[in-house]
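Chains, contacts and geometry: an overview
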Amino acid sequence: MFGKILLIAILLLSVCSHSFAEEYAALTTATAEDLLVFWEAKDLYVETATRHFKPISQTAENMVVITAKEIEEMNAHSVAEILSRATGIFVDFSEDYTTYPALHIQGSQDRHVLVMIDGIVFNDFGAGNSQTQTIPVGIIERIEIIKGPASSAWGSSLGGVVNIITKAAGGPSPASGSVSASYGEHDMYDYRAAIYGKAEDTGYYIFAGKTGNDSLKDERPYDIGSFYSKISFPFSHSAKLGLSLGYSDFSSRLDIPLIDQSQLASNRVIYSTLSLDASLMKDIEVKVSLTGSKREIESAADLITTGEFLQKNIVEEDAYGGTVKFVWTSGIHKAVLGADVIDVNLDQTAKAGDLLQTSFLSPAVFTNHPHIKKWDIFVNDTITVGKLSITPGIRYDDNDITNSFISPSVGLTYQVMEKTVLRASAARGFNSPPLVWMSKGDASLRPNSSLKPENSISYQGGIETSITDYLWAKANVFSHEMKDELTFELVDEGPPTTFRTVNKGKVKRNGIELEAETAPFYNVSLNAGYAYVHINQVTDEETQKNEAVNVRVKYDDRNTFMAQLSGHYIWWNSPRDFFEEKEFIWDLNARKKIYDNESLDAVLFFTAHNIFNGSQYRDFIFKNPQRWIEAGVRVTF
């Protein structure tokens, strides 16, 4: 298998080398066009900060934007893989796509990070964890990330927000699209197809994909199939309707001989949106959207040696909601007023085998049906006077289980020079307790309906600048102080052993983030990012220091050939991670356009993952794969 993939790579690189001599002879210093492309990419419009578009230069929040072009260049197969390249985001995953990734922003817990796609929450409402493994990367137009509390706009998001914005319906022609297929060692495959365009006034986008492997590491196969569609059409001369529908089916197996267990997992989700965008008058826009999702998560465990059934858990989650939002733009103001409502129902079933029933007194069947209703109202304004932008915001959240919460924030940006911006922000953030912890619990967890939201006061400040026309740099410092941290306490040693969650912790998180990137020079650019977080568990008198480094060297002639070498390093430095390994992981990506005309082009691409066989993991049971290679072709029409 290695020989087949290597042969494909050699053929690809031989095709590339044929044109290198001509290209190298034509190289000149970076042109004005190079710089224009570079700086246009830095001057993005973002919508996540205030829930409406505005220039990132007027955005006080500490944000990262990852585009579809960057995702394609890294040949990513999962959202976790994409986010691991962003400075300040610490992703705990095995890099073989089988385990559930945990997202930590600036040292936060995974449940503190709000993940959304098309305005639909992609967190497990029962436990709070993000559910990114069911999101196909092929539908992503860009990912906007707020690092730090975003509660004044989004509610429960004490750690930050990962907002995934999908590709738009419509296009310049009746039908355009792409088809791609890649194949790698260990039967790794990734097949995708998309078509988009216009049928009269109706725009459409349709995507289908399937990816998986036969165990990149140990016995850990996985498979995911995805479908996504979107249409939009004019409702009147000043209004537009939109509809989207997506479905994903994820399954994986994990064999752990050390404890004689084979674990199966599946995660199926269907999600949809209906939206109306309209201009009421010259200065006022309105957007109304309805969202719905239905998710089913199953996990089961058997003994490897005997095949004896151990346990099975099934969670069915239904969430339906709506948003109405008004945007007023006049003079120095861009104000947003809106409200959200969501209704969530869970059905949980836990089944225990004979071994757990006799040894741990677990019930044969345990069921749980928690429910929660949430609503909120929010308002913010971006006030721009000359080079100064000020963004005050506030939000009120309420639900039918815990206390209400008010989240104010204020931020400012000041453009010191043409390409230098100062940022500062202060915010009060919160995170709602996971639903299962508050209501009904499970077989080993007793509910605590008196839980309060975790809350924090956060401050951030930074500078974004171009030292010269060829260098962009960004620095940010942050300080978060969280109170009422949720921790587990023992209720009964059992059997069965039972716990409950209580508010008792206090955590301080302080750190710094540094980023730099060069404009293309002789078609070569450099990028580097460093993040450091000092976590002080004040209540338990424990400290932890997280560090992460991302580096990239990229060659791109912006015509037929691109290659990049990317390195990623992360050190969790947790007192509980006894078996952590923290070597650099290096990946090599290359692509070569082999055919191009007005209606069709074809690109060969190649990726060598972990080319130096680095080890990077927190738990020896979930070791990362060693070097593996894949190659493929992408046709666009």
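Note that the structure is predicted; figures quoted are calculated from it, not measured.

Summed over all chains, the structure comprises 28 salt bridges. Note that Asp 255 and Arg 253 form a salt bridge whose closest N and O atoms lie 3.4 Å from each other. Residue class for Asp 255 comes out buried when judged on its relative accessible area of 18%. On the basis of relative accessible area, Arg 253 is assigned to the partly exposed category, the value being 27%. Sharing partners across several salt bridges, the network here consists of Lys 69, Glu 72, Glu 73, Lys 554, Arg 591 and Arg 634.

What the five strands build is an open sheet, ordered S3-S8-S9-S6-S7; its pairing is mixed. In this open sheet, the two edge strands, each paired with only one partner strand, are strand S3 (63-67) and strand S7 (120-121). Both strand S6 (residues 113-117) and S7 contribute to a ladder of two bridges, which runs antiparallel. Bridged to Ile 117 within S7 is Ile 120.

Now for the environment of Gln 261. Position of Gln 261 among the secondary structure elements: in strand S15 (residues 261-281). Residue class for Gln 261 comes out buried when judged on its relative accessible area of 18%. Distance in space between the C-alpha atoms of Gln 261 and Phe 309 is 9.9 Å, their sequence separation being 48 residues. Dropping the residues within four chain positions of it, Gln 261 is found in contact with Leu 254, Asp 255, Ile 256, Ala 301, Asp 302, Ile 304 and Leu 310. Here the side chain of Gln 261 touches Gln 263 through a polar contact of 3.0 Å, side chain to side chain.

All right, on to the side chain of Ser 458 then. Mapped onto the fold, Ser 458 is located in strand S25 (residues 454-468). Looking at Ser 458, its side chain comes within polar contact range of the side chain of His 480, at 2.8 Å. Ser 458 has contacts with Pro 149, Ser 425, Ala 426, Ala 427, Ser 479 and His 480, leaving out every residue within four places of it along the chain.

Scanning the model with the defined rule gives 14 aromatic pairs in all. Centre to centre, the rings of Trp 437 and Phe 488 are 5.1 Å apart; their planes meet at 70°, and the pair counts as edge-to-face. Residue Trp 437 is found in helix H7 (residues 435-438), and its partner Phe 488 is found in strand S26 (residues 471-492); the two are separated by 51 residues along the sequence. For Trp 437, a relative accessible area of 11% translates into the label buried. Centre to centre, the rings of Phe 584 and Trp 586 are 5.3 Å apart; their planes meet at 20°, and the pair counts as stacked. Phe 584 gets classed as partly exposed once you look at its relative accessible area, which sits at 29%. You can call Trp 586 partly exposed: its relative accessible area is 22%. Following the ring pairs from residue to residue traces out a cluster consisting of Phe 122, Tyr 196, Tyr 205, Tyr 228 and Tyr 271. In this arrangement the basic side chain of Arg 295 is found over the ring face of Phe 122, its NZ or CZ atom lying 4.8 Å from the centre.

Conventions we followed
- Residues numbered from 1 in each chain as written.
- Predicted model: local features only at pLDDT ≥ 70, side-chain atom pairs only at ≥ 80, totals over all residues.
- Heavy atoms only, no water.
- Salt bridge = Lys/Arg side-chain N within 4 Å of Asp/Glu carboxyl O.
- Buried < 20%, exposed > 50% of the residue type's maximum accessible area, 1.4 Å probe, protein only.
- Pairing = 2+ DSSP bridges.
- Helix = DSSP H or I, 4+ residues; strand = E, 2+ residues; numbered from the N terminus.
- Contact = heavy atoms within 4.5 Å.
- Polar contact = N/O pair within 3.5 Å; in protein donor to acceptor, adjacent residues only side chain to side chain.
- Phe/Tyr/Trp six-rings, centres within 6.5 Å; stacked < 30°, edge-to-face > 60°.
- Lys NZ or Arg CZ within 6 Å of the ring centre and 35° of its normal.

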